[in-house]
Amino acid sequence: EPEVTQTPSHQVTQMGQEVILRCVPISNHLYFYWYRQILGQKVEFLVSFYNNEISEKSEIFDDQFSVERPDGSNFTLKIRSTKLEDSAMYFCASSEVPRRRYNEQFFGPGTRLTVL
Amino acid sequence: EDQVTQSPEALRLQEGESSSLNCSYTVSGLRGLFWYRQDPGKGPEFLFTLYSAGEEKEKERLKATLTKKESFLHITAPKPEDSATYLCAVWGSYNTDKLIFGTGTRLQVFP
């Protein structure tokens, strides 16, 4: 069964450093997302991406964040200068058809980011 | 503002003891309600989508229902392997694809 994959599973970094989180969405999906979950809190939306551009972003997704689809399979989230409060589980998700009747989003296993 | 509230926060059941989890929502225009299962340290695993009031979906021991204000996830004769956090999410206002999640119900099923 097709699935979303993410690497690395755990990333430890120093405050102020840049990190890149990687995702391989399901192959025939067109719409991609990043969510995050701070320990003990809700899963919260960061950004959606379609047709090689950002479709929607949340207030959390400020200038330190960026997303990219560098090739036909990968989807990345870059955090330019990490802060302690960026420590969270980051989930990539993908869906087949955007803004239509069906919007099942399938999530990857997540990358746990720890900022020291 | 779209909101999702799940109850109870935690639920302990004996194996075979059926129960229901609740998801109440306020959204300007519901386009879909999703149930996910999340195991510790893992990503949400898709279970069901419900699109209109009165709709029901079933999968093994799980059954999801939807009204205009809430959704229920019914668990019939649960087994220890059903232990997980169950998340509810809504797809709300037009021109958005984001899902708004509740905090989840942590279910523990004891043998």
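Basis of the calculations
Residues numbered from 1 in each chain as written. Chains lettered and ligands numbered in written order. Predicted model: local features only at pLDDT ≥ 70, side-chain atom pairs only at ≥ 80, totals over all residues. Heavy atoms only, no water. Helix = DSSP H or I, 4+ residues; strand = E, 2+ residues; numbered from the N terminus. Rg over C-alpha atoms; globule rule 2.2 N^0.38 Å. Buried < 20%, exposed > 50% of the residue type's maximum accessible area, 1.4 Å probe, protein only. Contact = heavy atoms within 4.5 Å. Areas by Shrake-Rupley, 256 points an atom, 1.4 Å probe, with all protein chains shown as cover. Lys, Arg positive; Asp, Glu negative; His and termini not counted. Charge placed at Lys NZ, Arg CZ, Asp CG, Glu CD. Buried area = accessible area lost by both parts, 1.4 Å probe. Salt bridge = Lys/Arg side-chain N within 4 Å of Asp/Glu carboxyl O. Polar contact = N/O pair within 3.5 Å; in protein donor to acceptor, adjacent residues only side chain to side chain. Nonpolar A, V, L, I, M, F, W, Y, C, P; charged D, E, K, R; others polar. Pairing = 2+ DSSP bridges.

*Asks:* Sorry if this is basic, but what is going on with the overall build of chain A here?
*Replies:* In terms of regular secondary structure, chain A is built from 0 helices and 11 strands. Of the regular secondary structure in chain A, the N- to C-terminal order runs β-β-β-β-β-β-β-β-β-β-β. Over its C-alpha trace chain A gives a radius of gyration of 13 Å, about what one expects of a compact globule, namely 13 Å for 116 residues. Over its C-alpha atoms, taken along the principal directions, chain A stretches across nearly 40 × 30 × 30 Å. Burial status across chain A gives 45% buried among its 116 residues. Counting only contacts in chain A whose residues sit at least 6 apart along the sequence, the fraction spanning at least 24 positions is 55%. Accessible surface, chain A as shown: approximately 6000 Å² in total, 46% of it carbon and sulfur. Of the charged side chains in chain A, 12 are positive and 15 negative; the average position of the first set lies 2 Å away from that of the second.

*Asks:* Hey, could you run me through the interface of chain B and chain A in this one?
*Replies:* For an interface, size is often stated in terms of accessible area lost upon the parts coming together. The interface of chain B with chain A comprises 22 residues on the first partner and 24 residues on the second. Between chain B and chain A lies a buried interface of about 1900 Å² when both sides are counted; carbon and sulfur atoms form 54% of it. Area buried by chain B at its contact with chain A is led by Tyr51(B), Asp97(B) and Phe101(B), which between them contribute 32% of it. At the surface where chain B touches chain A, the tally comes to 0 salt bridges. Counting across the chain B and chain A interface gives 9 residue pairs in polar contact (both at pLDDT 80 or more). Where the side of chain B that touches chain A is concerned, the elements lending two or more residues are strand S4 (32-38), strand S5 (45-50), strand S9 (84-91) and strand S10 (99-101) of chain B. Among the elements that line the side of chain B that touches chain A, the one with the most residues is S4(B), at 3 residues. Here the side of chain B that touches chain A is composed, by residue class, of 10 nonpolar, 8 polar and 4 charged.

*Asks:* When you look at the pairing of strand S7 (residues 65-68) of chain A in this model, what are you seeing that I'm missing?
*Replies:* It is a general feature of regular strands that their side chains alternate between the two faces of the sheet. Residues and elements named next belong to chain A. Direction of pairing for S7 relative to strand S8 (residues 75-79): antiparallel, over a ladder of 4 bridges. Residue pairing across strands places Phe 65 opposite Ile 79, the latter belonging to S8. Hairpin geometry of S7 and S8 is characterised by an intervening segment of 6 residues between the two adjacent antiparallel strands.

*Asks:* Explain unusual backbone geometry here, please?
*Replies:* Negative phi characterises most residues that are not glycine, and trans characterises most peptide bonds. Cis geometry marks the peptide bond from Thr7(A) to Pro8(A), where omega comes out at -10°. Along the polypeptide, Pro8(A) turns up in the loop between strand S1 (5-7) and strand S2 (10-13). Cis geometry marks the peptide bond from Ser7(B) to Pro8(B); its omega dihedral reads -10°. With respect to the element layout, Pro8(B) can be found in the loop between strand S1 (3-7) and strand S2 (10-14). Positioned with a positive phi, Glu60(B) is a non-glycine residue whose angle comes to about 55°. Its place among the elements puts Glu60(B) in the loop between strand S6 (56-59) and strand S7 (62-66). The backbone of Ala77(B) shows a phi angle near 45°, a positive value even though the residue is not glycine. Mapping Ala77(B) onto the fold places it in the loop between strand S8 (70-75) and S9. Judged by its relative accessible area of 35%, Ala77(B) falls in the partly exposed class.

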